[in-house]
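Fold and contact review
One letter stands for each residue in the lines below.
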Amino acid sequence: MFLLILQDVYGLSEFYEASSSKFGDMLSKPMTIGRPFVNTEAKIVDEEDRIVPRNTRGELYLRGPGVFTEYLGQPELTKRAKTADGWLKTGSVFSSVSQS
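Residues numbered from 1 in each chain as written. Predicted model: local features only at pLDDT ≥ 70, side-chain atom pairs only at ≥ 80, totals over all residues. Heavy atoms only, no water.

**Points about the pairing of strand β5 (residues 57-63)**
What counts is decided by this rule: When DSSP finds two or more bridges between two strands, those strands count as paired. Each helix corresponds to a stretch of at least 4 residues labelled H or I by DSSP, and each strand to a stretch of at least 2 residues labelled E; elements are numbered beginning at the N terminus.
Where strand β4 (residues 41-45) and β5 come together, five bridges link them in antiparallel fashion. Looking across to β5, one finds that Val-45 is bridged to Glu-59. Across five bridges, β5 lies against strand β6 (residues 88-95) in antiparallel orientation. Looking at β6, one finds that Glu-59 is bridged to Val-93.

**Regarding the confidence of the model for the chain**
Spelled out, the test is: Per residue, pLDDT measures the predictor's confidence, with a range of 0 to 100.
Here the chain shows a mean pLDDT of 79. Residues at 70 or above account for 66%. By mean pLDDT, the top-scoring element of the chain is helix α2 (residues 75-81) (96), and the lowest-scoring one is helix α1 (residues 23-28) (53).

**Focus on the side chain of Thr-78**
Our working rule: Buried residues are those whose accessible area, probed at 1.4 Å on protein chains only, stays under 20% of the maximum for their type, while exposed residues exceed 50% and partly exposed ones sit between those limits.
Counting through the fold element by element, Thr-78 comes out in helix α2. You can call Thr-78 buried: its relative accessible area is 12%.

**With respect to the packing of aromatic side chains**
This is how it is decided: Pairing of aromatic rings covers Phe, Tyr and Trp, the last counted by its six-membered ring, and requires centre-to-centre distances within 6.5 Å; plane angles under 30 degrees mean stacked, over 60 mean edge-to-face, and any other angle means tilted. Whether a charge lies above a ring is judged from NZ of Lys or CZ of Arg, which has to be within 6 Å of the ring centre and within 35 degrees of the ring normal.
Per the counting criterion, the structure on display carries one aromatic pair. Look at Phe-68 and Tyr-71: their rings are 4.6 Å apart centre to centre, the planes differ by 50°, and that puts the pair in the tilted class. When its relative accessible area of 22% is taken as the criterion, Tyr-71 is described as partly exposed. The residue whose ring lies beneath Lys-43 is Trp-87, and the NZ or CZ to ring-centre distance is 4.4 Å. Of note, Lys-82 hangs over the ring of Phe-68, and the distance from its end group to the ring centre comes to 5.3 Å.

**Considerations on the sheet that holds β5**
Convention followed: Axes, fitted as lines to C-alpha atoms, cover a helix only where it is in contact. Angles between the N-to-C directions of the axes lie from 0 to 180 degrees.
Spatially, three strands are ordered β4-β5-β6 in an open sheet, and the strand pairing comes out antiparallel. The sheet terminates laterally at β4 and β6, the two strands that pair on one side only. Averaged over neighbouring strand pairs, the angle between their axes works out to 35° when direction is ignored.

**Examining the pattern of salt bridges**
What counts, and what does not: By salt bridge we mean one thing: a side-chain nitrogen of Lys or Arg within 4 Å of a carboxyl oxygen of Asp or Glu.
This model, assessed by the stated rule, comprises three salt bridges. Measuring nitrogen to oxygen at the nearest pair gives 2.9 Å for the salt bridge that ties Arg-63 to Glu-41. Remark: Glu-41 occurs in strand β4 and Arg-63 occurs in strand β5; sequence separation between them is 22 residues. Judged by relative accessible area, Arg-63 falls into the partly exposed class, the value being 24%. Arg-50 is the salt-bridge partner of Asp-46, the closest N and O atoms lying 3.0 Å from each other. Here Asp-46 falls in the buried class, since its relative accessible area comes to 18%. Under the relative-accessibility criterion, Arg-50 is labelled partly exposed at 49%. Salt bridges sharing partners connect three or more residues here, namely Glu-41, Arg-63 and Asp-85.

In structure tokens form, the structure reads like this:
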């Protein structure tokens, strides 16, 4: 006999395993990407890089030790993908909701 535990993990090639949600969250909060992993920061911003209010759509930015360093040999592409202070612009659109 074995125990199978399901966990939903959000990540991308430029930032591995950025967040996860517990199995219960997957059932009660469909479409959640969960909370950021330890040492990972997340924010949702508008077109001017301002943090948006809760329940407002915007682009997900991530920062932490899992962020890639650079696109090899493509400094301009790297510059477009990351902010000067290390935030990765994921290109993914989300809205934040209150955690219960």
